Amino acid sequence: MPTIHWQKSTYSGDSSNCVYVAATPAGTVHLRESDAPDTTLITTRARLGELIRALKAQQPTL
């Protein structure tokens, strides 16, 4: 298995509760939290995009 290169989410800022994301050549996207780095959620770009769009649709306007 190739090495996964994790990137900290820009939404995490300088806090200690961070979300990390990594894309693989196989087309999967891996997500993990800084407080549980051994637990990884694996999905596809399309499914992650659907989740983000759904969350944004639920976000109240400021």
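Residues numbered from 1 in each chain as written. Predicted model: local features only at pLDDT ≥ 70, side-chain atom pairs only at ≥ 80, totals over all residues. Heavy atoms only, no water.

*Asks:* Before we move on, can you summarise the sheet that holds strand β1 (residues 7-8) with the specific residues and values?
*Replies:* Read across the sheet, four strands follow the order β1-β2-β3-β4 without closing on themselves; strand pairing throughout is antiparallel. The sheet is open, and its two edges are formed by β1 and β4 (36-44), each paired on a single side. Where strand β3 (residues 28-33) meets β4, five bridges bridge the pair, whose relative direction is antiparallel. Residue pairing across strands places H30 opposite I42, the latter belonging to β4. The strands touched by helix α1 (residues 45-58) are β2 (19-23), β3 and β4; relative to β4, the strand with the most contacts, the crossing angle is about 100 degrees. (Pairing = 2+ DSSP bridges. Helix = DSSP H or I, 4+ residues; strand = E, 2+ residues; numbered from the N terminus. Contact = heavy atoms within 4.5 Å. Axes fitted to C-alpha atoms, helices over the stretch in contact; angles between N-to-C directions.)

*Asks:* Explain the packing of aromatic side chains residue by residue, including any values.
*Replies:* Under the criterion given, the structure shown has zero aromatic pairs. Here the basic side chain of R32 rests over the ring of W6, its NZ or CZ set 4.1 Å away from the ring centre. Sitting above the plane of the Y20 ring, R32 keeps its charged end 5.5 Å from the centroid. (Phe/Tyr/Trp six-rings, centres within 6.5 Å; stacked < 30°, edge-to-face > 60°. Lys NZ or Arg CZ within 6 Å of the ring centre and 35° of its normal.)

*Asks:* How would you summarise the environment of G13 if you had to cite specific residues and measurements?
*Replies:* Checked against the element boundaries, G13 lands in the loop between β1 and β2. Take G13: its relative accessible area is 34%, and that puts it in the partly exposed class. Between the C-alpha atom of G13 and that of P60, which follows or precedes it by 47 residues, the distance is 21 Å. (Buried < 20%, exposed > 50% of the residue type's maximum accessible area, 1.4 Å probe, protein only.)

Coordinates in, geometry out; function isn't part of it.
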